[in-house]
Amino acid sequence: MNLYNYIFRRLLYVIPIVMGVSLLIFVIFNVVAGDPTAILLGKHASLKQMAELRHELGLDRSWLMQYLDILKSAFTFNFGRSWSTKQLIAPMIGTAAGVSFTLVIPAFIVTSILSISIALIAAFYRGRLVDRSLVVVSVIMMSISGLTYILLGQWLFAYKLGWFEIAGYEYGFPHFIPYIVLPGIILVILSIGYEVRFYRTVILDEMYQDYVRTARAKGLPEWMVLFKHILKNAMVSIITNLIIQLPALLLGTLLVESFFGIPGLGGITMHAINNSDFPIIKAMTIISTVFYIIFNLITDVLYTLVDPRIRLS
Amino acid sequence: MTRAFTKSIWIQAFSRMAKSKLTITALVVVIGYSLIALLAHWGILANDWQLEIGNSYEAPNIHHWFGTDIFGRSVFAKIVKSTEVAMNVGFVVSIIAITIGVVLGAIGGYFGGVVDELIVWIYSTLAAIPNIMLLISLTFILGKGILAIYIALGMTNWVEICRLIRGEVIRQKDREYVQAATAIGASSFSKLALHILPNVMHIVIIQFSAIFQSAIKSEVILSYLGLGIQNGPSWGVMINDAKVELMQGAWWQLIFSTMAMFLIVLAFNILSDALRDALDPKLRGK
Amino acid sequence: MPEKILTVEKLVTQFNTEQGVITPVNGVSFTVYKGKTLGIVGESGSGKSLTALSIMRLIAQPMGNIVSGHIWLEGQDLLQLSTRAMRTIRGNKISMIFQEPMTSLNPVFTVGYQIREAITFHQKVSRKEAENQAIELLTLVGIPAPEKRIHEYPHQLSGGMRQRIMIAMALSSRPAVLIADEPTTALDVTIQAQILDLMAKLQEELEMGIILITHDLGVVAEVCHEVAVMYAGKIIEYAPVEELFKYPKHPYTQGLLASIPSLEMGQGQTHKRLETIKGVVPNLNQLPLGCSFQDRCYKVQQDCKGEQGPPPLEEKVPNHLAACFHPLKDHRDK
């Protein structure tokens, strides 16, 4: 099937999902949540004030209109104003996204390179001490709560030893660097356990395939078998994994950012939770979903590019 | 042979698991935690966790093995009580998620057609929202308290097992033993319940362990964020307290709650791996 | 007198399993001659594939281990070579092709690339030169339009073509010995015949020795010059092909031959049932004392079961070895 056909069909499939998601968000935030005016204005608000606010927030319109509002906001990126800061949400999110990138992208690159390399090493020495210790270490690291890493890390390296900044952020390159190193390291530690185990499994699965036996029978050294033959076949799963992580990354930094006072997407979400800032949480949910869907699509397309079997069938 | 999974395969799998000391240890830990949780639930253990029994911020000593918190409460008692919360959440959420996932997955996989499309649409929709945002949104809206946690965690955990069960049911429904059952006039329901489902049980068992563990970890994070259980102790709340405590040099709440959580999560990790190695037909062939 | 090119001497390979140590290759010895084909026959589990993998030293450690024995090739004992030195032999002096052409080729590389890789690894030639050789090889194995084919991916080719590609790859450095592990089992009957013909033709041209592993006696009769029958890790009969088919000495071999359906059956003969050998191949960690075949043998006697140990492989008739205390007799025995 033609690549364009495939993309088109894939896009078509997105439509019912988008409708479903917007419906779900609508149900959660507009129906179940109920009328927030009382919370916002306090107990002593007059009926008139409440009605005004309701109108301003668009809550007095029909369910259908409110639902369409959600769809519209997903496409126009207009999310209204924050309840706590009264600022326009869209630009807030824009700036915050930029900040998150400075933290998340380097951490992502480091984690990916490290975990794939470690997984390759583990696969190369499969069954032996190196491999088994790596697995054990990964499992142990995965079992410690992220919260602990953050608290201990911050306390030990920033507070006690003073090697890094405790919290805060400075805009602009290279000013932000001292602020992102420690949180970045913690982000790497948080995910590396999972990643190594995942990549190791993927690579090992390939290792048991018949073509590997043929490659060895040709006389090729083990490292060549691993890096050329196995890796290329594992690429599909590896790439999928890499891409899928991207949207989750931005939010996984929720805790790290809030701790280290970094005003990224995670930071403002945390802030919103603490201040019951409803529209921000709603906006973040919509945006992260949109990106998740887009990235899923990109992954599927990349699949077809990397694996010739899919491309040419 | 009416099943792909005969009793002897189960026995073989479990006896193979039993050979590993590590797996047995993990199982013992899980059972131990469950016992502690039950005892706490019935009030036999740590019933008095709220009482002020010592001075503020006492370091671990003979009277208070894990020290005290800011209110002078026994950290040990709080940890025990939190175990109850954790095991409770893990268990209930697993049951909810597995029930929904298995029922929907089996129905969708078996009947196909519009019903299946609908079910796939439902879980694809849920899956399209990143888990953590969904969790936050749900708990935010549903308010604090344990019911909100059950619902939120239940909703975010059933999709994976639904997918797996659906896939497996689709694979199994054209197998000979199902055709044989049809030939003798078995109804759809009995085919599904009596013949196919036992052959997907291995997925359920593996997922039970995985979801239990994931629920515990999520609950800790939610409590930490202030979105979860607020009226009782929880490892998450204790870790949250530690934010301030560390600055004052009080490390014990953090360390002990982390260790308590670490042990049970590690135990479940080991169990899940062992179960997967023992029960996954693909791996068994190697 | 044909030249010897590969001699395997008392090869022993062991595996560590959950149930203990098993010895799937238990003292195997044979010789491969230039330009001749040795067939190794047996049911699955007899150890024939593992013997081949042992020769190539492709046994997966640490689970498996070649414990003792010698493999003589051009005056060298392959089992004494370093890993590095062995790699210059593998794919170069000895090549191997496998049963499943579907999965034995790497799906994400073109077939041309995979052949070139075999060439450039063992010979220092340019990419262009390697490509030319690849095209020549494809022509040699009978693939039409080779210049186009080298840019194609394995999944675009049929099973027969894929096996030809495997053969081309294996022959790229004109090996002295080709090991073919059930090369035609996964193919259609007509393609089978083509591949076997191709192998015979190539053998003549390149003066290669071939070890053909199979469970199909029909194939053996077609192309092999000598045959070794394996059972539970040991060779239990070893003879030139015609000799084996006419005068089998071991009851197991007799059983195998009798289970080949033949056209004479049902034509005037009283209903002759298809013979099968009763019982199943024994579990390698539960081998009985004495002869491994005792539980399935219709001629079993007391001495087969124990104290003397298993019957040794010895010459019963000139050039015809069998491992049996009570071998079948023919008109040549006194």
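Thresholds applied
Residues numbered from 1 in each chain as written. Chains lettered and ligands numbered in written order. Predicted model: local features only at pLDDT ≥ 70, side-chain atom pairs only at ≥ 80, totals over all residues. Helix = DSSP H or I, 4+ residues; strand = E, 2+ residues; numbered from the N terminus. Buried ≥ 20, exposed ≤ 12 C-beta atoms within 10 Å, placed from the backbone. Contact = placed C-beta atoms within 7 Å. Domains from an automatic or database assignment. Axes fitted to C-alpha atoms, helices over the stretch in contact; angles between N-to-C directions. Parallel < 35°, antiparallel > 145°, perpendicular 65-115°, else oblique. Nonpolar A, V, L, I, M, F, W, Y, C, P; charged D, E, K, R; others polar. Pairing = 2+ DSSP bridges. Right-handed = clockwise from strand over helix to strand, strands pointing away. Left-handed = near helix turned anticlockwise from the far one by under 90°. Expected span 1.5 Å × (residues − 1). Bend = angle between axes of the 7 residues up to and from the residue. pLDDT = per-residue confidence, 0-100.

## A look at the overall build of chain A
Then comes step 1: Along its length, chain A carries 14 helices and zero strands.
Then comes step 2: Mapped in sequence order, the helices and strands of chain A form the string α-α-α-α-α-α-α-α-α-α-α-α-α-α.
Then comes step 3: The buried share among the 313 residues of chain A stands at 34%.
Then comes step 4: Once local pairs closer than 6 in sequence are excluded, the contacts in chain A between residues at least 24 apart make up 69%.

## Observations concerning the overall build of chain B
Then comes step 1: Across its full length, chain B holds twelve helices and zero strands.
Then comes step 2: Helices and strands appear in chain B in the N-to-C order α-α-α-α-α-α-α-α-α-α-α-α.
Then comes step 3: If you line up chain B on its principal axes, its C-alpha atoms span 75 × 45 × 35 Å.
Then comes step 4: Evaluated residue by residue, chain B yields a buried proportion of 47% over its 286 residues.
Then comes step 5: Taking as baseline every contact in chain B between residues at least 6 positions apart, the subset at least 24 positions apart corresponds to 68%.

## Observations concerning the domain arrangement of chain A
Then comes step 1: When cut into domains, chain A gives domain 1 (3-76) and domain 2 (101-276).
Then comes step 2: Look at where the C-alpha atoms of domain 1 of chain A and domain 2 of chain A centre, and you get two points 35 Å apart.

## Observations regarding the packing of helix α2 (residues 21-41) of chain B against helix α3 (residues 75-111) of chain B
Residues and elements named next belong to chain B.
Then comes step 1: The interhelical angle for the contact between α2 and α3, taken along N-to-C directions, is 110°, at an axis separation of 8 Å. It follows that α2 is roughly perpendicular to α3 by the angle criterion. Contacts between α2 and α3 involve Y33, S34, I36, A37, A40 and H41 from the first element and V80, K81, T83, E84, M87 and N88 from the second.
Then comes step 2: Classifying every residue of the contact of α2 with α3 gives six nonpolar, four polar and two charged.

## Considering the pairing of strand β7 (residues 177-181) of chain C
Residues and elements named next belong to chain C.
Then comes step 1: Counting buried positions along β7 gives five out of five residues, so the element sits mostly inside the fold.
Then comes step 2: Going residue by residue along β7, you find V177, I179 and D181 tucked away on one face and L178 and A180 tucked away on the opposite face as well.
Then comes step 3: Where strand β6 (residues 94-97) meets β7, four bridges bridge the pair, whose relative direction is parallel. By the bridge assignment for β7, S95 is matched with L178.
Then comes step 4: Pairing of β7 with strand β8 (residues 209-214), which is carried by five bridges, proceeds in the parallel orientation. When the bridges of β8 are listed, V177 appears paired with G209.
Then comes step 5: Crossover β7 to β8 through helix α8 (residues 189-206) is right-handed.

## Describing the interface of chain A and chain B
Then comes step 1: Counting residues at the interface gives 31 residues for chain A and 31 residues for chain B.
Then comes step 2: Elements supplying a minimum of two residues to the side of chain A that touches chain B: α1 (3-32), α6 (129-143), α7 (146-160), α10 (222-252) and α13 (278-306) of chain A.
Then comes step 3: The residue makeup of the side of chain A that touches chain B, split by class, is 24 nonpolar, seven polar and no charged.

## Digging into the arrangement of the chains
Then comes step 1: Out of two pairs of chains that touch, the pair holding the most contacts is chains A and B.
Then comes step 2: Across all C-alpha pairs, the smallest distance from chain B to chain C is 9 Å, and the two are not in contact.

## Things to note about the interface of chain A and chain C
Then comes step 1: Facing 20 residues of chain A, the contacting portion of chain C comprises 25 residues.
Then comes step 2: Of all the secondary structure elements, the ones that give two or more residues to the side of chain A that touches chain C are α9 (210-217), α10 and α14 (308-312) of chain A.
Then comes step 3: Here the element with the most residues in the side of chain A that touches chain C is α9(A); it accounts for seven residues.
Then comes step 4: The residue makeup of the side of chain A that touches chain C, split by class, is seven nonpolar, six polar and seven charged.

## Let's talk about the sheet that holds β6(C)
All names here are of chain C.
Then comes step 1: Spatially, eight strands are ordered β6-β7-β8-β3-β9-β10-β12-β11 in an open sheet, and the strand pairing comes out mixed. Two strands bound the open sheet, and with one partner strand each, they are β6 and β11 (314-317). Across the sheet, the mean angle from the axis of one strand to that of its neighbour is 25°, orientation sign disregarded.
Then comes step 2: Where strand β9 (residues 226-231) and strand β10 (residues 234-240) come together, six bridges link them in antiparallel fashion. Counted as the bridge partner of M230 is I235 from β10.

## Description of the packing of helix α9 (residues 201-225) of chain B against helix α10 (residues 235-247) of chain B
Residues and elements named next belong to chain B.
Then comes step 1: Following both chains from N to C, one finds α9 and α10 inclined at 45°, their axes separated by 7 Å at the closest point. Our classification of the angle between α9 and α10 gives oblique. For the pair α9 and α10, the sense of crossing is right-handed. Here α9 contributes E219, V220, I221, L222, S223 and Y224 to the contact with α10, which in turn contributes W235, G236, V237, I239 and N240.

## What about the sheet that holds strand β1 (residues 4-17) of chain C?
Residues and elements named next belong to chain C.
Then comes step 1: Across the sheet, four strands lie side by side as β2-β1-β4-β5; this open sheet has antiparallel pairing. The sheet is open, and its two edges are formed by β2 (20-33) and β5 (76-77), each paired on a single side.
Then comes step 2: Two elements, strand β4 (residues 64-73) and β5, share two bridges in a ladder whose sense is antiparallel. Bridging across to β5, W72 finds its partner in D77.

## Details of helix α5 (residues 89-124) of chain A
Then comes step 1: Helix length check: α5(A), at 36 residues, gives a terminal C-alpha distance of 50 Å against a target of 52 Å (1.5 Å per residue), a fit within 8%.
Then comes step 2: Where α5(A) bends most, the angle comes to about 35°, and this point is A:F101.

## Concerning the pairing of β2(C)
Residues and elements named next belong to chain C.
Then comes step 1: Examined bridge by bridge, β1 and β2 share ten bridges and lie antiparallel to one another. Its bridge partner lying in β2, L6 is registered against V32.
Then comes step 2: Connecting β1 to the antiparallel partner β2 that follows it, the hairpin turn spans two residues.

## A look at unusual backbone geometry
Residue and element names in this part refer to chain C.
Then comes step 1: The phi dihedral of E74 is positive, around 50°, even though this residue is not glycine.
Then comes step 2: Judged by the 10 C-beta atoms lying within 10 Å of it, E74 is exposed.
Then comes step 3: In this structure, A232 is a non-glycine residue whose phi angle is positive, near 50°.
Then comes step 4: According to the C-beta neighbour criterion, A232 is buried, with 24 such atoms within 10 Å.

## Observations regarding the confidence of the model for chain A
Then comes step 1: The predicted model of chain A has a mean per-residue pLDDT of 79, with 88% of residues at 70 or higher.
Then comes step 2: Summarising per-element confidence for chain A, the mean pLDDT is lowest in α14(A) (60) and highest in α9(A) (91).

## Some remarks on the confidence of the model for chain B
All names here are of chain B.
Then comes step 1: On average, residues of chain B score 82 in pLDDT, and 95% of them reach the 70 mark or higher.
Then comes step 2: Helix α12 (residues 281-284) is the least confidently modelled element of chain B, averaging 51 in pLDDT, while α3 averages 90, the highest of any element.
Then comes step 3: Our summary of model confidence lists the complex with pTM equal to 0.75 and ipTM equal to 0.83.

## Considerations on the environment of A:F291
Residue and element names in this part refer to chain A.
Then comes step 1: Relative to the helices and strands, F291 is located in helix α13.
Then comes step 2: Taking the number of C-beta atoms within 10 Å as the measure of exposure, F291 has 16 and is therefore partly exposed.
Then comes step 3: For the pair F291 and V181, spaced 110 residues apart in sequence, the C-alpha to C-alpha distance is 26 Å.

## Thoughts on the environment of A:I293
Then comes step 1: Its location among the elements puts A:I293 in helix α13.
Then comes step 2: As a C-alpha pair, A:I293 and A:V18 span 275 residues in sequence and 8.4 Å in three-dimensional space.
Then comes step 3: For A:I293, the residues in contact, after removing those within four places along its chain, are A:V14, A:I17, A:V18 and B:A128.

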